[in-house]
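Geometric and topological summary
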Amino acid sequence: MRFVQGFLRQVVAGFAVLLALTVVLGIGYPAVVWGISRIGTDSAEGSPLRDARGCVVGSSLIGVDPQVAPGEPDPFFHTRVTGSVSDDDAFAPGDPAAALPTNQGPSSEVLASFVEQRRAAIAARENVDPAAVPADAVTGSGSGIDPDISPAYAAIQIARVAQANGASVSDVEALVAEYTHGPQYGVLGAEAVNVPELNLALRDTYRPGEETGCGGQG
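So, a few notes on the structure that sits alongside this text. Treat the numbers as computed from the prediction; the structure is a model and nothing was measured.

Calculation rules
- Residues numbered from 1 in each chain as written.
- Predicted model: local features only at pLDDT ≥ 70, side-chain atom pairs only at ≥ 80, totals over all residues.
- Heavy atoms only, no water.
- Helix = DSSP H or I, 4+ residues; strand = E, 2+ residues; numbered from the N terminus.
- Buried < 20%, exposed > 50% of the residue type's maximum accessible area, 1.4 Å probe, protein only.
- Contact = heavy atoms within 4.5 Å.
- Areas by Shrake-Rupley, 256 points an atom, 1.4 Å probe, with all protein chains shown as cover.
- Axes fitted to C-alpha atoms, helices over the stretch in contact; angles between N-to-C directions.
- Parallel < 35°, antiparallel > 145°, perpendicular 65-115°, else oblique.
- Nonpolar A, V, L, I, M, F, W, Y, C, P; charged D, E, K, R; others polar.
- Expected span 1.5 Å × (residues − 1).
- Bend = angle between axes of the 7 residues up to and from the residue.
- Polar contact = N/O pair within 3.5 Å; in protein donor to acceptor, adjacent residues only side chain to side chain.
- Patch = residues over 30% accessible without salt bridge, like charges linked within 9 Å, V, L, I, M, F, W, Y side chains within 5 Å.
- Salt bridge = Lys/Arg side-chain N within 4 Å of Asp/Glu carboxyl O.
- Core = buried A, V, L, I, M, F, W, Y, C linked by side-chain atoms within 4.5 Å.
- Pairing = 2+ DSSP bridges.

**With respect to the overall build of the protein**
Per the secondary structure count, the protein includes six helices and five strands. Looking at the protein as a whole, 31% of its 218 residues are labelled buried. Intrachain contacts of the protein at a sequence separation of at least 6 include 58% that bridge at least 24 residues. Counting every atom, the protein has about 13000 Å² of accessible surface; 61% of that belongs to carbon and sulfur.

Printed below as a string of structure tokens:
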């Protein structure tokens, strides 16, 4: 009889512990983490970018290099090289879904050739001396979808962007300054310009007619 009573007490105690841990670890802890992740930031939802009408048009965490048709005005800032790069193409297709870091190392002749091709093309696009093209403009990031560029790369693009949008250089400079952020946590990295956020601000300010609807409507 005592054995049965002891066994039942252990079963009840074990069930109570199981129930308590289920509530705390299966419900309480996930709920707390979910709640904290939504305090003061969208990052848990992918940091979506919304246009002036509230439509999601991208993410501030994913760099997408804007493409224009040959001969058309180029009104937006360009990111670093994005997407995967083949061994015979110095420029990426600009597709975030194809994002991969390059496997070319610093001693690679292919990479050296790509860097020179990119430097010449960017210098021609921005009408600057090739020596003025910064390193981040001609190299990709480890993720292949870095949304940030250096202030130096943004600076050489300002004149072209201002002309293509019918804006003053000073106004575009002010936008660049607005979307320039300091090192992460104040110590990691250097100043950088968020290209997706900056390009959305440019579009909302100077090219609102290019909005293409929201959720397939409008």
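**Re the packing of helix α2 (residues 109-126) against helix α4 (residues 151-165)**
Think of two packed helices as two axes; the pair is described by the angle between the axes and how far apart they sit. The N-to-C vectors of α2 and α4 enclose an angle of 40°; their axes lie 9 Å apart at closest approach. Between α2 and α4, the angle is such that the two are oblique. Touching Ile 122, Arg 125 and Glu 126 of α2 are Tyr 153, Ile 156, Gln 157 and Arg 160, all from α4. Considered class by class, the residues forming the contact of α2 with α4 number three nonpolar, one polar and three charged.

**Observations concerning α4**
Over its 15 residues, α4 runs 20 Å from end to end, which matches the ideal 21 Å to within 8%, given 1.5 Å per residue. Approximately 40° is the largest bend angle found in α4, and it occurs at Gln 157. What α4 keeps buried is the set Tyr 153, Ala 154, Ile 156, Gln 157, Ile 158, Arg 160, Val 161, Ala 162 and Asn 165. Phi turns positive one or two residues past the end of α4, at Gly 166, with a value near 65°.

**Regarding the environment of Thr 180**
Note that Thr 180 resides in strand β4 (residues 180-181). A relative accessible area of 23% means that Thr 180 is categorised as partly exposed. Dropping the residues within four chain positions of it, Thr 180 is found in contact with Pro 151, Glu 191, Ala 192 and Val 193. Polar side-chain contacts of Thr 180 include one of 2.6 Å to the backbone oxygen of Val 176.

**Remarks on a nonpolar patch on the surface**
A contiguous nonpolar patch, built from Phe 15, Val 17, Leu 18, Leu 19, Leu 21, Val 23, Val 24, Leu 25, Ile 27, Tyr 29 and Val 33 and spanning about 1100 Å² of accessible area, is present on the exposed surface. Inspection of the secondary structure puts Val 24 in helix α1 (residues 2-37). On the basis of relative accessibility, which here comes to 48%, the residue Val 24 falls in the partly exposed class.

**Quick word on the nonpolar core**
In terms of nonpolar packing, the biggest core is built from 25 residues, with Phe 77, Ile 122, Val 133, Val 172 and Val 176 touching the most fellow members. Looking at this core, the elements that each hand over two or more residues are α2, α3 (135-138), α4, α5 (169-178) and α6 (195-206). Among the elements that line this core, the one with the most residues is α4, at six residues. Among all residues touching Ile 122, those that are not within four sequence positions of it are Val 133, Ala 137, Val 138, Tyr 153 and Ile 156.

**So, the sheet that holds β4**
Across the sheet, three strands lie side by side as β3-β5-β4; this open sheet has antiparallel pairing. Whereas interior strands pair on both sides, the edge strands pair on one side only; in this sheet they are β3 (148-149) and β4.

**Remarks on α6**
Helical periodicity: at 3.6 residues per turn, an α-helix aligns residues three or four positions apart in one direction. The end-to-end C-alpha separation of α6 is 16 Å, in line with the 16 Å expected for twelve residues at 1.5 Å each. The complete set of buried residues in α6 reads Val 195, Pro 196, Leu 198, Asn 199, Leu 200, Ala 201, Leu 202 and Arg 203. Residues of α6 that are buried in the fold lie against β1 (48-50), β2 (56-59), β3, α4, α5 and β5 (192-194).

**Points about the pattern of salt bridges**
In the structure shown here, the tally under the stated rule is five salt bridges. A salt bridge links Asp 146 to Arg 80; the nearest nitrogen and oxygen atoms lie 3.5 Å apart. Taken together, the positions of Asp 146 in the loop between α3 and β3 and Arg 80 in the loop between β2 and α2 put the pair 66 residues apart, joining distant regions of the chain. A relative accessible area of 17% places Arg 80 in the buried class. A salt bridge links Arg 125 to Glu 126; the nearest nitrogen and oxygen atoms lie 2.6 Å apart. When salt bridges with common partners are traced through the structure, they connect Asp 74, Arg 125, Glu 126 and Arg 160 into a single cluster.

Taken by themselves, the reported measurements are silent on function.
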